[in-house]
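A closer look at the structure
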Amino acid sequence: MKIIKVLGSGCTKCEKTAEILTRLAAEAGVDVTVIKETDPAAIMGYGVMSTPAVVIDEQLVHSGSIPHRADVEAWLASA
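The following paragraphs examine the structure supplied in this document. All values reported here derive from a predicted model rather than from experimental measurement.

The rules behind these values
- Here the residue numbers are simple positions, counted from 1 along each chain's written sequence.
- The model is predicted, so local features are restricted to residues of pLDDT at least 70 and side-chain atom pairs to those at 80 or more, both for listing and for counting; the totals for chains, interfaces and linings are taken over all residues.
- Computation of side-chain values covers all heavy atoms of the structure but excludes hydrogens and water.
- Segments assigned H or I by DSSP are reported as helices when at least four residues long, segments assigned E as strands when at least two residues long, and all are numbered from the N terminus.
- What makes two residues a contact is simply this: any of their non-hydrogen atoms within 4.5 Å.
- Note that accessible areas follow from Shrake-Rupley with a 1.4 Å probe, and for residues the cover is restricted to the protein chains shown.
- Positive charges come from Lys and Arg alone, negative charges from Asp and Glu alone, with His and the N- and C-terminal ends not counted.
- Every charge is mapped onto a representative atom, which is NZ of Lys, CZ of Arg, CG of Asp or CD of Glu.
- Method remark: on a 1 Å grid restricted to protein atoms, a set of points is classed as a cavity if a 1.4 Å probe fits but cannot get out and as a pocket if it is open with protein on both sides within 12 Å along at least five of seven lines; lining residues have an atom within 4 Å of a point.
- Grid points are joined across faces, edges and corners, and a volume is the space filled by probe spheres set on the points.
- Residues are grouped as follows: Ala, Val, Leu, Ile, Met, Phe, Trp, Tyr, Cys and Pro are nonpolar; Asp, Glu, Lys and Arg are charged; all remaining types, including Gly, are polar.
- The rule is simple: take the accessible area with a 1.4 Å probe, protein chains only, and divide by the maximum for that residue type; under 20% is buried, over 50% is exposed, in between is partly exposed.
- Throughout, the arc means that of the directions going from the helix axis to the C-beta atoms.

1. Brief notes about the overall build of the protein chain
The number of helices and strands found in the protein chain is 3 helices and 4 strands. Counting from the amino terminus, the protein chain carries its helices and strands in the arrangement β-α-β-α-β-β-α. Partitioning the contacts of the protein chain with sequence separation of at least 6, the portion at a separation of at least 24 is 65%. Accessible surface for the protein chain amounts to roughly 4400 Å². Of this, 53% is attributable to carbon and sulfur atoms. One finds the centroid of the 7 positive side-chain charges in the protein chain at a distance of 5 Å from the centroid of its 10 negative side-chain charges.

2. Concerning empty space enclosed by the protein
Scanning the entire structure with this criterion turns up 1 cavity of 30 Å³ or more. Quantified by volume, the largest cavity comes out at close to 30 Å³. Val6, Gly8, Gly10, Cys14, Glu15, Lys36, Glu37 and Thr38 are the residues that line the largest cavity. Partitioning the lining of the largest cavity into residue classes produces 2 nonpolar, 3 polar and 3 charged.

3. Focus on helix H3 (residues 69-77)
When H3 is considered as a whole, its buried residues turn out to be Val72, Trp75 and Leu76. Buried residues of H3 fall within an arc of 95° about the axis and therefore sit on the same side. Away from its buried face, by an angle of more than 90 degrees, H3 presents the exposed residues Ala70 and Ala77. In this structure, the buried residues of H3 make contact with strand S1 (2-7), helix H1 (12-28), strand S2 (32-37), strand S3 (53-56) and strand S4 (59-63).

Spelled out as structure tokens, the structure:
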């Protein structure tokens, strides 16, 4: 199982990112847990300066925008 964290303030883009990750994981049949992290100290701990950001299994893979479908599919395929 992959642990995916969406880092951000809870804004619309952060919510949309979490929805996309959850939906595409379900479509791909990949077992994931999506966690929304809103604590500024935790977000800064990853060195993130712009959100939304995506952390998969404690590795920062994206920040600053809603990720593209192809990127999400690639991250999920590397299970």
